[in-house]
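Chain by chain, the residues:
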Amino acid sequence: MMTADVQKSRRAFLQSLAVGCACCAYGPAHARLLDYKLAANEIASDTWTVYGASEYFNFDNGGNIVNVAFIEVPDGVVVVDTGPSRRYGEALLALIEKTIPGKPVLRVYNTHHHPDHCFGNQVFESNTLASSQGVIDNIKLEGDGFADNLYRLVGDWMRGTAPVAPGKVLDAKTEVVGGRQFSHFYLSGHTSADLVIRDDETGVLFSGDLAFLYRAPTTPHADIAQWRTSLGVLAKTDRDLILPGHGLIDPKGESLEQTDDYLSWVDGTLRDAVSQGLTMNEAMALPIPRRFAGLGVVQTEYVRSVSHLYARLEDNLMPLIEITR
Ligand SMILES: [Zn+2]
């Protein structure tokens with residue numbers, strides 16, 4: 001892993017944000033082109049990431065808010081996550097063929113079932129798609145609902161997209177794909193099933209959405225205590241570099257600390273709010289500490305987190321009162 005690669009890649013990420021802002025200025029005319037303009041950024045030897053915008057789903061970004069990766073192994077290509085739509089999957093496949101001409105895609109991992117990570121599955125050979133049983137079950141259970149929602153959020157970008165669950169169930173700690181060994185870590189907390197992949201040759205850890213860097217974590221299916229436990233596991237896991245599901249690549253492990261700090265603050269803040277009897281709207285209006293000001297879409301994600309987590313916390317923390325007449 002070369003520092004120059006990391007710096008180049010961080011620059012590319014920041015440039016992608018600037019492009020995202022410019023696109024918004026052009027508005028609907030740009031959106032009509034429906035071209036994701038994917039670019040491959042080399043983050044380690046024979047390893048590329050395709051950065052998404054540090055935004056929430058919208059008509060301009062077409063759902064491309066996610067980091068996807070591909071790796072050249074001796075006999076082919078390994079892909080980690082497939083993006084938010086069939087159109088994205090097609091663009092990703094074309095980018096892979098352009099970057100690594102003539103090598104077949106041998107394995108496509110899905111880190112979890114959220115639609116921005118697995119709705120490009122359709123374009124890959126079904127026998128290459130793989131994940132844990134939990135991720136596969138979640139895609140089967142929630143994929144259709146996610147598809148409906150994403151059609152509403154990004155519109156035409158989704159045309160022709162249908163959820164496809166991997167057929168290959170992973171349950172071993174490692175597998176060799178095309179002459180390269182990958183480790184699998186079966187964790188949870190961001191969702192009920194989060195698969196983390198490590199390329200044992202380069203030491204790149206593909207954390208999926210267990211880690212975010214300079215982008216606020218999303219919590220629609222979160223179990224925060226479990227998530228923080230998983231972050232502790234990852235902190236102790238050997239690696240040279242982390243590619244978070246969203247945000248910058250992370251040579252030092254900052255993404256694990258930043259995600260844990262933010263989750264700890266959200267959890268503590270909402271518990272205090274419940275104990276003070278605040279309404280959900282009042283909890284949403286609480287100030288976000290300055291140290292999180294640099295996290296992309298933090299205000300939006302905080303409000304979403306309150307809407308996901310508050311009622312559950314009220315149920316757990318507020319005493320039941322038995323009314324007798
Ligand atoms: Zn996610």
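Below you will find a few notes about this structure. (Residues numbered from 1 in each chain as written. Predicted model: local features only at pLDDT ≥ 70, side-chain atom pairs only at ≥ 80, totals over all residues. Heavy atoms only, no water.)

As for the environment of Leu 38
What counts is decided by this rule: Strands are runs of DSSP state E lasting at least two residues, helices are runs of H or I lasting at least four, and both sets are numbered from the N terminus onward. We call two residues in contact when some of their heavy atoms are within 4.5 Å.
Relative to the elements of secondary structure, Leu 38 occurs in the loop between α2 (28-31) and β1 (41-44). Separated by 54 residues in the primary sequence, Leu 38 and Leu 92 place their C-alpha atoms 7.1 Å from one another. When neighbours within four sequence positions are excluded, Leu 38 is seen to be in contact with Val 50, Asn 64, Tyr 88, Ala 91, Leu 92 and Leu 95.

Describing the coordination of the zinc ion
Here is the rule: Donor atoms (N, O, S) are those found within 2.8 Å of the metal centre, with the cutoff raised to 3.2 Å for Na, K and Ca; water is not part of the atom list, so apparent gaps in a site can occur. Tetrahedral means four donors with every angle between 85 and 135 degrees, whereas square planar (four donors) and octahedral (six donors) require angles over 155 degrees between opposite donors and between 65 and 115 for all others; sites fitting neither are termed irregular. Each residue's exposure class comes from its accessible area (1.4 Å probe, protein chains only) as a fraction of the maximum for that residue type: buried when under 20%, exposed when over 50%, partly exposed otherwise.
The zinc ion binds to the protein through His 112 (NE2), His 114 (ND1), His 190 (NE2) and Asp 209 (OD), with metal-donor distances spanning 2.2 to 2.3 Å. Classification of the site at the zinc ion as irregular follows from its 4 donor atoms and the range of 86 to 170° in their angles at the metal. Read N to C, the donor residues that coordinate the zinc ion are spaced as H-x1-H-x75-H-x18-D. Pair noted here: His 112 is in the loop between β5 (105-109) and α4 (115-118) and Asp 209 is in strand β11 (residues 204-213), with a separation of 97 residues, a long-range link. On the basis of relative accessibility, which here comes to 0%, the residue His 112 falls in the buried class. On the basis of relative accessibility, which here comes to 2%, the residue Asp 209 falls in the buried class.

Observations concerning the pairing of β5
To keep things clear, this is the line we draw: By definition, two strands form a pair when at least two bridges between them are found by DSSP. With the strands aimed away from the viewer, a crossover counts as right-handed if its path from the first strand over the helix to the second runs clockwise.
Among the 5 residues of β5, 4 are classified as buried, and the element is accordingly described as predominantly covered. The sheet contact formed by strand β4 (residues 76-80) and β5 spans 4 bridges and is parallel. Across the sheet, Val 79 pairs through a bridge with Val 108, a residue of β5. You can see the chain leave β4, run along helix α3 (residues 86-99) and come back into β5, and the turn it takes is right-handed. In terms of strand pairing, β5 meets strand β6 (residues 129-132) through 2 bridges, oriented parallel. Counted as the bridge partner of Tyr 109 is Ala 130 from β6.

Focus: the packing of aromatic side chains
The test is simple: Between the rings of Phe, Tyr and Trp (Trp by its six-membered ring), a pair exists once the centres lie within 6.5 Å; its type follows the angle of the planes, with under 30 degrees stacked, over 60 edge-to-face, and the other angles tilted.
This model, assessed by the stated rule, comprises 9 aromatic pairs. Plain terms: the ring middles of Tyr 262 and Trp 265 are 6.0 Å apart, the flat faces sit at 45° to each other, and that makes the pair tilted. Within this pair, Tyr 262 and its partner Trp 265 are both found in helix α7 (residues 254-275), separated by 3 residues, close to a single helical turn. With relative accessibility at 0%, the residue Tyr 262 sits in the buried group.

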